[in-house]
Amino acid sequence: MATTDKKRKRAVLATEDVFPLAVNLDTLDDEHDLSDSEEDNEVLAFPSLNIRSDSEDEDEEEEVDEEDVTDEGEEGAQDCHLRHYWPAQTGVPPIEPDYDTDSSTEDAPNRVGNIPMHWYDDLPHVGYDVNGKKVLRPARGDELDKFLETEEDPFSWTNALDRNTQSDKPLTVEELDIIRRLRENEIPDPDFDPYEVFLKDEKPEVMPLSGAPQPKRRWVPSKWEKQKVMKIVRAIRQGRILPAKPKSTTGMRQFYSLWSTPTDSLAPAPLAAPKTRLPTHAESYNPPAEYLPDPNAPLEKDEDDKSLTPKSCSALRLVPAYDRFINERFDRLLDLYLAPRVQRRRLPPGVTKADDLIPQLPDPKTLRPFPTYRALCHSHHARVRAVSVSPGGEWVVSADDVGEVKLWEMLVGKEIKTWHMEGKVSAIDWCPRKDVAFFIVGIDESLHAFTPPSLHPTVEAATLALLSPSTLPPTPSTPSPIAWTSSSRISNDGPVLTIQLPPSSGLPKQITWHRRGDYFASVSGNESQGSVWIHQLSKRHSQAPFRKIKGAVQRVLFHPQKPYFFVATQRYVRIYDLAAQQLLRTLMPGLKWISSMDVHPSGGHLIVGGYDRKLSWFDLDLSEKPYKVLRYHTRALRSLVFHPTYPLFASTSDDGTVQVFHARVFSDLLTDPLIVPLKILRGHTISDGLGVLEARWCPGAPWLVTAGADGVVAVWQ
């Protein structure tokens, strides 16, 4: 018995270590009544269980085996006692007699936590257990083993791979039911009611119409309203509340002074009324004799002239009534009524005078050299529209409307040669190459190349080899409708090369060269897709770069450094890449009608002029809109040209003036171009509303050549 009690006490102590005393366990079924336990008012002790592990000493086990026989009766009585207090339970797994709480008999779980398991793909283990030992990867068969397993085990499809332990584990009934619901597009939670009413109004509905009698307060006067009315009456009698003033019964309109009405102090003060014009001596009733008109001479006065005719009266009472009093008074009232009510802008802080707002420009004397006076001039018999200067600056060629093309020297103005054309000449340009000497003249639907007389034999041979080669280049694969015709020798009277443009193409109005002198472009007056042609001298071939053109082409230019081609229509300037054959950008000058343009020798800036008297300066590295817009001419702009070497540009206009500007462009992108007006050159006369039509710079000197509608070609130095 002592041994049995000792064994039982040891089991109870071990049980207390595993199960705390504060845990309340209810292992009875609903069918059993707890009345017996409540009557006894005793705390049932947890049955003594053998929770010792197999690692205990074998001596105790032998001692227990020896005492089993002697203590059999007592243990049977104890089992009956336990069955009395702990009846058999349904739904609870029975206690296994060989169960051991030692964790060494359990599978070692993987304790790596929530980490990506693909980190262990190349390792023999899949993690670590609670003691820090490696959990080896379980052996898994190949695909054939998996197939045989599915054939042998009909419930193998309910297993799922546990990535934590790398083994298959069966899914529970609840998990399988969730998977089934998801596959059938049902709600995973079976207890969720999708048709549950979210807002439940527990208030009972009340009938809006009722047959109850009207309350008494509906017809009994309110005492509170009576007190409120009496309070207002007393305030009116005491003068604390003033009644509204009666309106005027006359019905006449009320007038007030428009300019003397007081305004809020925070609002800007109104402008002062415009002052009336003071009378002069001519408006006196007895003016001096020099103001009186001659009575013998007839009085000539325009209908629009509203000035007063002076009259002399001996006395003020003899002055007749003013016949234009009503009209002038009405005009005066209109001036007051239509006067703009705009507050005059104040000067910025730190500015004391309006002159301080004008930018400080350098003195033009420090920006020399630039042309200041007319050195010489050459006359034509008709309007001169085209002029060009040779690359070396020795010769000037000019052409007029009657077909005369004159070649004369730049320094002395001596005329060297005159060619008489059959039609009107509107475009002329000199080849920029210095090893050859010739210029292109545009006549009706044809281009002619002329050479100056008395050339050096080397220059003459090179010019003849370029314009009329002994061996013609091969015919290009793409045929051209333009015919090239050349003579075998240089003639002083006729052209060396003739390029016949397509029929009905119109008069060429512009000829421009590429800087290398092999390509040149021509623009005809016909507003069609065949108005722009690019010609190549080395291959004697012409082509139209555009299949379709949007708008009428006004001017074209070659980029000085890149294979770009500028095309100016009536309102836009488009930049094309000839090498890639695509449109790069479209510039918007904001002009109504473009008349001229030129590109800076650096290729980063472009100036565009229009017939609406504006000049737009573009920085091609910034935006499609102009960097600066200048308005300084009083009439339409006709020509714009940059100097090839000096920081100068000039503009001509129909107002008969030529304005010269200093235009310095910096390589630093953060520094704006410096544009300074230098000189206004006057010397051309306006003829039939036209002024200076063309201007060209001398390449090696700051000299300017201009051609005007008065038939004069001037050289400014």
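Residues numbered from 1 in each chain as written. Predicted model: local features only at pLDDT ≥ 70, side-chain atom pairs only at ≥ 80, totals over all residues. Heavy atoms only, no water.

Asker: Give a detailed account of the overall build of the chain, specifying residues and quantitative values.
Answerer: Scanning the chain from terminus to terminus reveals 9 helices and 33 strands. Sorting the 717 residues of the chain into buried and exposed places 32% on the buried side. Long-range contacts, defined as pairs at least 24 residues apart, comprise 48% of the intrachain contacts of the chain with a sequence gap of at least 6. (Helix = DSSP H or I, 4+ residues; strand = E, 2+ residues; numbered from the N terminus. Buried < 20%, exposed > 50% of the residue type's maximum accessible area, 1.4 Å probe, protein only. Contact = heavy atoms within 4.5 Å.)

Asker: I'd like a rundown of the confidence of the model for the chain, residues and numbers included.
Answerer: The predicted model of the chain has a mean per-residue pLDDT of 78, with 77% of residues at 70 or higher. Mean pLDDT values over the elements of the chain span from 41, in helix α2 (residues 35-40), up to 94, in strand β28 (residues 648-653). This stretch, residues 11-91, has a pLDDT under 50; its non-local contacts, to residues over four places away or in other chains, come to 50 contacts. Counting contacts from residues 98-105, a segment whose pLDDT is below 50, to residues more than four positions away or on other chains yields 8 contacts. (pLDDT = per-residue confidence, 0-100.)

Asker: A description of the side chain of K406 should follow, citing residues and the corresponding values.
Answerer: Examined against the element boundaries, K406 turns out to sit in strand β8 (residues 404-409). Of note is the side chain of K406, whose polar atom sits 3.2 Å from the backbone oxygen of S379. In this view, K406 contacts H378, S379, H380, V396, V397, S398, E415, K417 and T418; residues no more than four positions away in its chain are not counted. (Polar contact = N/O pair within 3.5 Å; in protein donor to acceptor, adjacent residues only side chain to side chain.)

Asker: Let's hear about the pairing of strand β31 (residues 692-697): which residues, and what values?
Answerer: Of all the 6 residues making up β31, 5 are buried; the element is thus mostly covered by neighbouring parts of the structure. Hairpin connection between β31 and strand β32 (residues 704-708): a loop of 6 residues separates the two successive antiparallel strands. (Pairing = 2+ DSSP bridges.)

Asker: Describe in detail a negative patch on the surface, supporting the description with residues and values.
Answerer: On the surface, a cluster of negative charge is contributed by D142, E143, D145, E149, E151 and E152. The residue E143 is located in helix α5 (residues 143-152) in this model. (Patch = residues over 30% accessible without salt bridge, like charges linked within 9 Å, V, L, I, M, F, W, Y side chains within 5 Å. Areas by Shrake-Rupley, 256 points an atom, 1.4 Å probe, with all protein chains shown as cover. Salt bridge = Lys/Arg side-chain N within 4 Å of Asp/Glu carboxyl O. Lys, Arg positive; Asp, Glu negative; His and termini not counted. Charge placed at Lys NZ, Arg CZ, Asp CG, Glu CD.)

Asker: Outline the sheet that holds strand β24 (residues 605-610), supporting the account with residue identities and numerical values.
Answerer: Strand order across the open sheet formed by 4 strands is β23-β24-β25-β26, with antiparallel pairing between neighbours. This sheet does not close on itself; its edge strands, each paired only once, are β23 (594-599) and β26 (628-630). This sheet shows a mean twist of 20 degrees between the axes of neighbouring strands, independent of strand direction. Pairing of β24 with strand β25 (residues 615-619) involves 5 bridges; the strand directions are antiparallel. Among the inter-strand pairings, G609 is bridged to a residue of β25, identified as L615. (Axes fitted to C-alpha atoms, helices over the stretch in contact; angles between N-to-C directions.)

Asker: Quick one: what's the story with the environment of A449, residue by residue and with numbers?
Answerer: Along the chain, A449 falls in strand β12 (residues 446-450). Separated by 18 residues in sequence, A449 and L467 place their C-alpha atoms 8.1 Å apart. If we ignore the near neighbours within four places in the chain, the residues touching A449 are F438, F439, I440, L467, P495, V496 and L497.

Asker: With reference to specific residues and values, describe the pattern of salt bridges.
Answerer: Scanning the entire structure with this criterion turns up 13 salt bridges. The partner of R180 in a salt bridge is E184, with the nearest N and O atoms 3.1 Å apart. Accessibility expressed as a relative area gives 36% for R180, which makes it partly exposed. For R696, the salt bridge goes to D429, with nearest N and O atoms at 3.3 Å. Pair noted here: R696 is in strand β31 and D429 is in strand β10 (residues 427-430), with a separation of 267 residues, a long-range link. Accessibility expressed as a relative area gives 22% for R696, which makes it partly exposed. One salt-bridge network, held together by shared partners, links D177, R180, R181, E184 and E186.

Asker: Give a description of helix α9 (residues 457-467) that names residues and reports values.
Answerer: Turning to α9, its buried residues number three or more, namely T463, L466 and L467. Projected down its long axis, α9 carries its buried residues within an arc of 85 degrees, all on one side. Exposed side of α9, more than 90 degrees from the buried face: P457 and T458 are the residues found there. Looking at the buried positions of α9, the neighbouring elements they touch are β12, β13 (483-486) and β14 (497-500). (Arc of directions from axis to C-beta.)

Asker: With reference to specific residues and values, describe the pairing of β14.
Answerer: Pairing between β12 and β14: 4 bridges, direction antiparallel. Note that in β14 the partner of H448 across the bridge is T498. For β13 and β14, the ladder comprises 4 bridges, and the chain directions are antiparallel. Pairing of W484 across the sheet is with I499, part of β14.

Asker: Quick rundown of the packing of aromatic side chains? Include the residues and the values.
Answerer: All told, the structure shown has 15 aromatic pairs when counted by the stated rule. Ring geometry for F546 versus Y576: centroids 4.8 Å apart, planes at 55 degrees, classification tilted. Linking F546 in the loop between β18 (541-543) and β19 (555-558) with Y576 in strand β21 (residues 573-577), this pair joins segments that are 30 residues apart in sequence. Classification of F546 as buried rests on a relative accessible area of 12%. When the ring of W617 is compared with that of F649, the centres are 6.0 Å apart and the planes differ by 65 degrees; the resulting orientation is edge-to-face. (Phe/Tyr/Trp six-rings, centres within 6.5 Å; stacked < 30°, edge-to-face > 60°.)

Asker: An account of unusual backbone geometry is requested, with residue identities and associated values reported.
Answerer: Note the cis peptide between R368 and P369, where omega equals 15 degrees. Mapped onto the elements, P369 comes out in the loop between α8 (325-337) and β5 (374-379). Unusually for a residue other than glycine, E445 sits at a positive phi of about 55 degrees. Given a relative accessible area of 25%, E445 falls into the partly exposed group. For S454, which is not glycine, the phi dihedral falls at a positive 60 degrees. Looking at where S454 falls in the secondary structure, it is placed in the loop between β12 and α9. A residue is classified by how much of its surface remains accessible, and S454, at 77% relative accessible area, is exposed.

Asker: For helix α7 (residues 223-237), give the residues involved together with the corresponding values.
Answerer: Note that an α-helix has 3.6 residues per turn; residues three or four places apart therefore point the same way. An ideal rise of 1.5 Å per residue puts 21 Å on 15 residues; α7 measures up with 21 Å between its terminal C-alpha atoms. For α7, the N-terminal capping position is held by S222, with its side-chain oxygen 3.4 Å away from the main-chain nitrogen of W224. One or two steps after α7, the chain reaches G239, where phi turns positive at roughly 85 degrees. (Expected span 1.5 Å × (residues − 1).)

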